[in-house]
Each structure stands twice: as structure tokens, then as C-alpha cells.
Amino acid sequence: MKAYLTRRYMFSASHRLHSDFMSEAENAATYGKCNNPFGHGHNYTLEVTVSGPVDESTGMVCNLMDLDGFVQREILERFDHQNLNTVEEFARTVPTTENLCIVVYDILQRGFRHAHLEKVRFEETMMNSFEYWGENRVIK
Amino acid sequence: MVYLTRKAEFSASHYYHNPEFTAEENQRIFGKCNNPNGHGHNYTLEVTVKGEVDPRSGFVVDLKQLKETMSREVLEALDHRFLNKEVPEFFTRIPTTENLAITIWQRLSPRLQAAHLHRVRVYETPDLFVDFYGEA
């Protein structure tokens, strides 16, 4: 039987929203306070949802030790307590939470083999959240 | 179509162990959860039903009936129990959050009359939950 497992993680990082494709005035108008050249930070909550048949011998969609280990190694160690603008993944991309969703989804999609990736959801603050289900996917 | 979700809480203990695995395999696969004396969680259950709104009552489902069914079929069986030893489904099935969601679905689904069960969500902790939609 197919089930969906969601795990939440937290990390803290800083960023500055600034696009090289825009003038200074456009950047200021578009990003407002988020365009402050010194950056600012958030406590991000990351939700990863994976799915698959529940293995009869373990009762699991996937072993949490595998998921936690992968997220720790490939995502938290890469982004926690970093300035996102200095991380390779955002060398050419504005580190909005939309783009963070896509970057994290792609890391999981490429490397996590123990269950099917359904979606990545981020809470940037308690008021803002973002989801990415991959391209052309049906939302449950 | 409107979706209605009712929450409930229960506390229970469990441990993970497959008698077909060796002691080393059980330890490697289940880690701390393999402690045979068990450990506990405060679970949060969310039951979502769906249906058309009845034009006379304005309800998708009679919430009182849903609450009673959840209480009778799920909470009385699971709350303050050692799942492996007291709940028949878990005599043979490992009481993971995945299997809890499936078991709760199987207990509720035949007992809900008018409402159509859409999703069972079980939180083991605020940072871990499983959804089951009745999919094979």
C-alpha cells in the first residue's frame, strides 16, 4: 500500500535578493528591504515528502535514517549558517525561497534513491511558505 | 466537493522489531526504535473526509458522528496502549507511522456512512507525519 511520508528540518541562513538583470532602481523597487546589500537571515523550515509502497518487512516507505542522513549531508551541511548568495547553487540565481525549493528538490531528485520524491516545501517565515512538486506534476 | 478535517490526539508506546530479522539486522534497521521495552509518542491524528454539502443541513458530514466514530474505532483502541502488545493489527504488523495510518484508515473506512474518507494523516512528532489515501 502506498503512503506518503513527510519530514521537517530546520536551518538558518542569510541572503540578499538582487538580480543582475535589473538596474539598481529596479532591484530596490522589486525586492524592497530584501535588497539591502548587507543581507538578512531567516530560520527556514524544510519539509520533504517522499512516497512509495510500505515495505512489509520493515513497515516503512523508507528508513528515516537514510532520509535524515541524506538531508543532513547534502542539504543542511550545504546551506545551514551560510550566506546563500555565496553558495555555488546561487552563483547565477537569486536566492528567493522559490529558487531554494527548486534547488533542494533537484538535489533530492538526483541523489536520493530510497523512495520517490513527491515535493519540497519551505517556510521562510511563519507567514510565507512555498512548494515545488517538480515540473508537470499533479498536486495531491 | 468540500473537504473537512477533524483532529484528535492519542498517546501510545511501541517498538520496531521483525522476528524474521536477526538481532543485528533489527538493530541496524530500526536503531533506537528496536528497544523491546518500547518508547512512546504523543500522536496527532487528522482525518479528512470529502463530499458534497447537503443542502438541508449545510454539512459535508455530521461532525458529531465523525467524532464518535473516531473515538470508538481509533482512540479507544490506541490511546494509552502498548501498540505491539495490545492492538491486534500490530501483533503481526510493525507499528510504524506508515502502518498506523493504514490501520486507522482500515478501521474508519467501513464505519463512515455518509462521508467519504479522503486522507488519514498521523503525526508521530511535529517533524514527522505520514499520509495515507487508501491507495493500493
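All values reported here derive from a predicted model rather than from experimental measurement. (Residues numbered from 1 in each chain as written. Chains lettered and ligands numbered in written order. Predicted model: local features only at pLDDT ≥ 70, side-chain atom pairs only at ≥ 80, totals over all residues. Heavy atoms only, no water.)

### Things to note about the state of the cysteines
This model, assessed by the stated rule, comprises 0 disulfides over all chains. Its sulfur unpaired, Cys34(A) is 16 Å from the next cysteine sulfur, which belongs to Cys101(A). With no disulfide partner, Cys62(A) has as its closest neighbouring cysteine sulfur the one in Cys33(B), 13 Å distant. For Cys62(A), a relative accessible area of 6% corresponds to the buried category. (Disulfide = S-S within 2.5 Å. Buried < 20%, exposed > 50% of the residue type's maximum accessible area, 1.4 Å probe, protein only.)

### Things to note about the layout of surface pockets
For the largest pocket, the calculated volume is near 430 Å³. Residue lining of the largest pocket: 19 residues in total, with Glu56(A), Thr92(B), Arg93(B), Ile94(B) and Asn99(B) positioned closest to the centre. Contributions of two or more residues to the lining of the largest pocket are made by helix H4 (89–92) and helix H5 (97–108) of chain B. At 3 residues, H4(B) tops the list of elements feeding residues into the lining of the largest pocket. As a volume, the second largest pocket reaches approximately 370 Å³. Those elements giving two or more residues to the lining of the second largest pocket turn out to be strand E1 (2–15) and helix H2 (64–79) of chain A together with helix H1 (23–30), strand E2 (39–51), H5, strand E4 (116–125) and strand E5 (128–132) of chain B. The residue inventory of the lining of the second largest pocket, partitioned by class, reads 11 nonpolar, 7 polar and 5 charged. (1 Å grid on protein atoms, 1.4 Å probe; cavity = no way out; pocket = protein on both sides within 12 Å on 5 of 7 lines; lining within 4 Å. Points joined across faces, edges and corners; volume = space filled by probe spheres on them. Helix = DSSP H or I, 4+ residues; strand = E, 2+ residues; numbered from the N terminus. Nonpolar A, V, L, I, M, F, W, Y, C, P; charged D, E, K, R; others polar.)

### A short note on the confidence of the model for chain B
Confidence along chain B averages 96 in pLDDT terms, with 99% of residues attaining 70 or more. Confidence metrics for the complex model read pTM 0.93 and ipTM 0.93. (pLDDT = per-residue confidence, 0-100.)

### Details of the packing of aromatic side chains
Residues and elements named next belong to chain B. One pass over the full model with this rule turns up 14 aromatic pairs over all chains. Where tryptophan 105 meets phenylalanine 132, the ring centres are 5.5 Å apart and the plane angle is 80 degrees; that geometry is what we call edge-to-face. With tryptophan 105 in helix H5 and phenylalanine 132 in strand E5, this pair connects stretches of sequence that are 27 residues apart. Its relative accessible area of 13% is what places tryptophan 105 among the buried residues. Here phenylalanine 132 falls in the buried class, since its relative accessible area comes to 1%. (Phe/Tyr/Trp six-rings, centres within 6.5 Å; stacked < 30°, edge-to-face > 60°.)

### A word on the packing of helix H2 (residues 63–78) of chain B against H5(B)
Residue and element names in this part refer to chain B. Relative orientation of the contacting elements H2 and H5 amounts to 140 degrees, with a least axis distance of 10 Å. In terms of axis orientation, H2 runs oblique to H5. Note on packing geometry: the crossing formed by H2 with H5 is right-handed. Seen from H2, the contacting residues are Thr69, Met70, Glu73, Val74, Ala77 and Leu78; seen from H5, they are Leu100, Ile104, Arg107 and Leu108. Of the residues that constitute the contact of H2 with H5, the class distribution is 7 nonpolar, 1 polar and 2 charged. (Axes fitted to C-alpha atoms, helices over the stretch in contact; angles between N-to-C directions. Parallel < 35°, antiparallel > 145°, perpendicular 65-115°, else oblique. Left-handed = near helix turned anticlockwise from the far one by under 90°. Contact = heavy atoms within 4.5 Å.)

### Structural notes on the nonpolar core
In this structure, Phe79(A), Leu108(A) and Ile104(B) are the most contacted members of the largest nonpolar core, which totals 66 residues. If you tally residues by element for this core, the top one is helix H3 (residues 97–111) of chain A, at 7 residues. Counting 6 residues, the second largest nonpolar core, distinct from the first, contains Met60(A), Tyr16(B), Phe21(B) and Ile94(B). (Core = buried A, V, L, I, M, F, W, Y, C linked by side-chain atoms within 4.5 Å.)

### What to know about the side chain of Lys119(A)
Residues and elements named next belong to chain A. Within the fold, lysine 119 resides in strand E4 (residues 116–123). Here lysine 119 sits buried without a salt bridge, and the closest side chain of opposite charge, glutamate 47, lies 4.6 Å off (N-O distance). With residues up to four places along the chain from it excluded, the contact list for lysine 119 reads Glu47, Val48, Thr49, Tyr105, Glu131, Tyr132 and Trp133. (Lys, Arg positive; Asp, Glu negative; His and termini not counted. Salt bridge = Lys/Arg side-chain N within 4 Å of Asp/Glu carboxyl O.)

### Side note on the environment of Leu64(A)
Of note, Leu64(A) is situated in helix H2. Each residue touching Leu64(A), except ones within four places of it in the same chain, is listed here: Leu5(A), Arg7(A), Gly69(A) and Leu128(B).

### Quick notes on the packing of H2(A) against H3(A)
Residues and elements named next belong to chain A. Between H2 and H3, the least distance of the axes is 11 Å, while the angle of their chain directions is 150 degrees. Judged by the inter-axis angle, H2 sits roughly antiparallel to H3. Here the hand of the crossing between H2 and H3 comes out right-handed. Across the interface between the two elements, Phe70, Val71, Glu74, Ile75, Arg78 and Phe79 of H2 pack against Val103, Val104, Ile107, Leu108 and Gly111 of H3. In the contact of H2 with H3, the residues fall into 8 nonpolar, 1 polar and 2 charged.

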